[in-house]
Amino acid sequence: MGWDNEDSGEEGSDDVEQVTALAGQVEEAVSTALGRVRPELDGVDPLVRRSDRADFQSNVALASAKRVGARPVALAAELDEALRDDVGPVVADVAVSGPGFLNVTITDEALWRQVTLRLADPRLGVGRPEHGARVVVDYSAPNIAKEMHVGHLRTTIIGDSLARVLAHLGATVIRQNHLGDWGTQFGMLIQYLDEHPEARWRHSDLERDVADGASSVSALDDLYRSARTQFDADPSFADRARARVVALQAGDEATLAHWREIVEESEHAFREIYARLGVQLQPDDSAGESFYNPWLPEVVDELLAAGVATRSNGAVVVESAEVRAPDGQPAVLMVQKSDGGYGYDTTDIATLRYRVRELKADRILYVVDARQALHFRLLFEAARRMGWLSDGVEAEHVAFGTVLGPDGRPFRTRAGGTVRLMHLIDEAVATARRTVQEREPDLDPEELDRIAEQAGVGAIKYADLSTSRLKDYVFDIERMVSLTGNTSVYLQYAHARIRSILRKAGDATSAAPDLGLPVHPAERALVLALDEFGAVLREVAATDEPHRLCGYLFETARAFTEFYENCPVLSAPDDVRANRLALCRLAAGTLREGLGLLGIAAPERM
Ligand code: ARG
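What counts, and at which threshold
- Residues numbered from 1 in each chain as written.
- Predicted model: local features only at pLDDT ≥ 70, side-chain atom pairs only at ≥ 80, totals over all residues.
- Heavy atoms only, no water.
- Phe/Tyr/Trp six-rings, centres within 6.5 Å; stacked < 30°, edge-to-face > 60°.
- Helix = DSSP H or I, 4+ residues; strand = E, 2+ residues; numbered from the N terminus.
- Buried < 20%, exposed > 50% of the residue type's maximum accessible area, 1.4 Å probe, protein only.
- Lys NZ or Arg CZ within 6 Å of the ring centre and 35° of its normal.
- Arc of directions from axis to C-beta.
- Contact = heavy atoms within 4.5 Å.
- Salt bridge = Lys/Arg side-chain N within 4 Å of Asp/Glu carboxyl O.
- Near = heavy atom within 4 Å.
- Polar contact = N/O pair within 3.5 Å; in protein donor to acceptor, adjacent residues only side chain to side chain.
- Areas by Shrake-Rupley, 256 points an atom, 1.4 Å probe, with all protein chains shown as cover.
- Nonpolar A, V, L, I, M, F, W, Y, C, P; charged D, E, K, R; others polar.
- Pairing = 2+ DSSP bridges.
- Core = buried A, V, L, I, M, F, W, Y, C linked by side-chain atoms within 4.5 Å.
- Axes fitted to C-alpha atoms, helices over the stretch in contact; angles between N-to-C directions.
- Parallel < 35°, antiparallel > 145°, perpendicular 65-115°, else oblique.
- Left-handed = near helix turned anticlockwise from the far one by under 90°.

## Focus: the packing of aromatic side chains
For the structure shown, the criterion picks out 16 aromatic pairs. Between the aromatic rings of Tyr 366 and Phe 376, the centroid separation amounts to 4.9 Å while the plane-to-plane angle is 45°, which identifies the pairing as tilted. Of this pair, Tyr 366 sits in strand S11 (residues 363–367) while Phe 376 sits in helix H13 (residues 373–386), and the two are ten residues apart along the sequence. In this pair, the class of Tyr 366 matches that of Phe 376, namely buried. Aromatic pair Phe 533 and Tyr 552: ring centres 6.0 Å apart, planes at 20°, arrangement stacked. Residue Phe 533 is found in helix H19 (residues 533–543), and its partner Tyr 552 is found in helix H20 (residues 547–566); the two are separated by 19 residues along the sequence. You'll find Phe 533 and Tyr 552 in the same group, each marked buried. Aromatic rings pair up to connect Phe 291, Tyr 292, Trp 295 and Tyr 354 into one cluster. Looking at Arg 439, its charged tip hangs above the ring of Tyr 493, at a distance of 4.3 Å from the centre.

Right under this line is the structure:
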């Protein structure tokens, strides 16, 4: 588990050259100038940003003038002077503006060179800054014997995208699916199955279910409901169910066999969803709660021996030194209940220890609902006190908000039930199908189906990823598959349109850009946008925020539209056309790669 399951973008790391972004080159130049004119400011962030006034702007003179007792304008003038030495192949011009901004303009030649260099690299010049990091990404983690519902959407989609981005940047990513496969509810399910053999999901039923668009967990959902009903209504059944929990925990073979059956059936259904969503979780990534059972007693002993856990009314708890419960008492992690049982908290403590000790993680991302914030705060605090989390290991709760229905309340069916994920996917695909068909009535039905699937699934994912993580968002299929606005369908269309231009250009596509040609302002904006790709990916990896990549792709697609409206491509004179086609190629490649890192397909035509 875990070990044979690592995903790293390491292959070929030696023969691939990273292209330094222009922003990085300007930062370098400003930093050098800064160290030269004011040695005491050596190492200060040069604060270089993209700007409308020039290509880049540095605010460092404004930010640091006070520290060296100078006026910002004066410091900016000194830097301007020093940067004059850099005017050459990359920097075309430097100027001071306003109260002390430093404006830097890039040469046309350097812009074309960036395009050339990025195109020459299959990774578009993006490096592997995460190389050497071992990152555990805990995501999806649905509960066995329940249908995956909309509540599992965000963790699954966000987690998958973060795993992709980190792996692309060279990290060794260990995906972990912390399935809820253990707990007292299994006593009731197993007992019910035992007493009602007819309730066992029959495969013929299942196949019918699948044909109806339902998944095999529906049958398990039914089992769950029936068992629950009897559990609540019939005290003697409830007693027998509790005895089953004891039998399960004691490792009774017949009970375990039932349990395995239920787990397998559920996992089968989860896999169907993952396959449909294009989520990279594999069976080997599953390390459910039950996996940690063997270590629970030992973990409790270790916590007690270290004095981190204490006994309290027959239970074992970790009292927080940092967080108080509403009653003013320290908030607690329940390590062992007074009846001797272990729960979610204990398992998570054992899990964290395992990830540090066995998986050798140096970063652990828990992509879990914001409502579990307290749980993770307490968990990380306990782990720090145990020394499992130290300076070398970082644990982060990658929290997210709730998916809301049209009424602004947590998304539910009309009847108030949970919304099944498969159902939502079907609906999005059907809506996307209509949109695509309207635009391209002549697509053959098979291709239409394929594109509709990619557009519908992409739309659900993108709507989720493009909202900043902690915000709630309203699940609105019409808006998600809209052709305009910040949607995946818009981006997929932008990509397909560029691909179509390139197809029309035929052989002319491969010519290298002529570095001597002047750059049109719309070309300039597009090149500068394309040059930022790697920096944006690094930001996503550092902040765990895929919406930054979405925003970037949207802006890049808009820059392309602006370019295409102002700069004819196919009808341009040969030399100009070659340069513009190169820009098209880089734009298509960047959109495709970027969408891919969000887990979204980029069809050739739409
Ligand atoms: N199964 C849990 C739930 O549905 C999520 C588990 C998240 N991961 C963890 N290590 N606690 O709420």
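## A closer look at unusual backbone geometry
Trans is the common state for peptide bonds, and a negative phi is the common state for residues other than glycine. Its identity as a non-glycine residue notwithstanding, Ala 141 has a phi of 45°, on the positive side. Ala 141 gets classed as partly exposed once you look at its relative accessible area, which sits at 22%. Even without a glycine there, the phi angle at Asn 313 is positive, about 50°. Looking at where Asn 313 falls in the secondary structure, it is placed in the loop between strand S8 (310–312) and strand S9 (315–324).

## Brief notes about H19
Those residues of H19 that fall on the buried side of the exposure criterion are Phe 533, Gly 534, Val 536, Leu 537, Val 540 and Ala 541. Along the long axis of H19, the arc covered by the buried residues comes to 160°, so they all point the same way. Among the structural elements, helix H5 (153–168), S11, helix H18 (521–530), H20 and helix H21 (574–597) are those in contact with the buried residues of H19. Following H19 by one or two positions, Asp 544 adopts a phi angle in the positive range, close to 60°.

## So, the pattern of salt bridges
In the structure shown here, the tally under the stated rule is 39 salt bridges. Where Arg 363 meets Asp 544, a salt bridge forms, and the shortest distance between an N and an O atom there is 2.8 Å. Residue Arg 363 is found in strand S11, and its partner Asp 544 is found in the loop between H19 and H20; the two are separated by 181 residues along the sequence. Here Glu 447 ties to Arg 450 by a salt bridge, and the two come within 3.6 Å at their closest N and O atoms.

## Considerations on the site of the ligand
Around the ligand lies a shell formed by Asp 138, Ala 141, Asn 143, His 152, His 178, Tyr 344, Asp 348, Tyr 366, Val 368, Gln 372 and Phe 376. Between the ligand and Asp 348, the relevant distance is 2.7 Å, taken from a nitrogen atom to a side-chain nitrogen or oxygen of the residue. Take Gln 372: an N or O atom from its side chain is 3.0 Å from an oxygen atom of the ligand. Burial of the ligand by the protein chains amounts to 86% of its free accessible area of 350 Å². Classifying every residue of the shell around the ligand by side-chain character gives five nonpolar, four polar and two charged.

## Quick notes on the pairing of strand S4 (residues 91–97)
A regular strand carries its side chains on alternate faces of the sheet. Pairing of S4 with strand S5 (residues 101–106) involves six bridges; the strand directions are antiparallel. Paired with Val 94 across the two strands is Val 104, which belongs to S5. The turn joining S4 and S5, which pair antiparallel and follow one another in sequence, is formed by three residues; a positive phi near 55° is taken by Gly 98.

## Quick notes on the nonpolar core
One finds Val 137, Ile 262, Phe 475, Leu 549 and Phe 563 to be the most contacted residues of the largest nonpolar core, which totals 155 residues. Val 299, Val 318, Tyr 366 and Met 386 belong to the second-largest nonpolar core, a separate cluster that totals 37 residues.

## Some thoughts on the sheet that holds strand S10 (residues 330–336)
The strand order across the open sheet built from three strands is S8-S9-S10, with neighbouring strands paired in antiparallel fashion. Sheet topology places S8 and S10 at the edges, where each strand pairs with a single neighbour. Direction aside, the axes of adjacent strands within the sheet are offset by 50° on average. The sheet contact formed by S9 and S10 spans five bridges and is antiparallel. Bridge pairing links Glu 319 to Val 332 in S10. Of the strands in this sheet, S9 and S10 touch H13, which is tilted by about 100° from S9.

## Considerations on the sheet that holds S4
Within the open sheet, the four strands sit side by side as S2-S3-S5-S4. Their pairing is antiparallel. The open sheet has two free edges, formed respectively by strand S2 (48–50) and S4, since each of these has just one partner strand. Each adjacent strand pair in this sheet contributes to an overall mean axis angle of 25°, direction not counted. Bridge count between strand S3 (residues 56–58) and S5: three bridges; the pairing is antiparallel. Residue pairing in the sheet places Phe 56 in a bridge with Val 104 of S5. Sheet strands in contact with H18 are S2, S3 and S5, and its direction is about 130° off that of S2.

## A closer look at the packing of helix H12 (residues 344–357) against H13
H13 packs onto H12 with a crossing angle of 50° between their chain directions and a minimal axis gap of 10 Å. Taken together, the axes of H12 and H13 are oblique relative to one another. As for the relative orientation of H12 and H13, their crossing is right-handed in sense. Of H13, the residues touching H12 (which contributes Tyr 344, Asp 345, Asp 348, Ile 349 and Leu 352) are His 375, Phe 376, Leu 379, Phe 380 and Ala 383.

## Section: the packing of helix H6 (residues 185–195) against helix H10 (residues 253–277)
Running from amino to carboxyl end, H6 crosses H10 at an angle of 100°, the nearest separation of the two axes being 10 Å. Considering the angle they form, H6 stands roughly perpendicular to H10. Residues Phe 186, Leu 189, Ile 190, Leu 193 and Asp 194 of H6 form the contact with H10, whose participating residues are Thr 255, His 258, Trp 259 and Ile 262. For the contact of H6 with H10, a count of residues per class yields six nonpolar, two polar and one charged.

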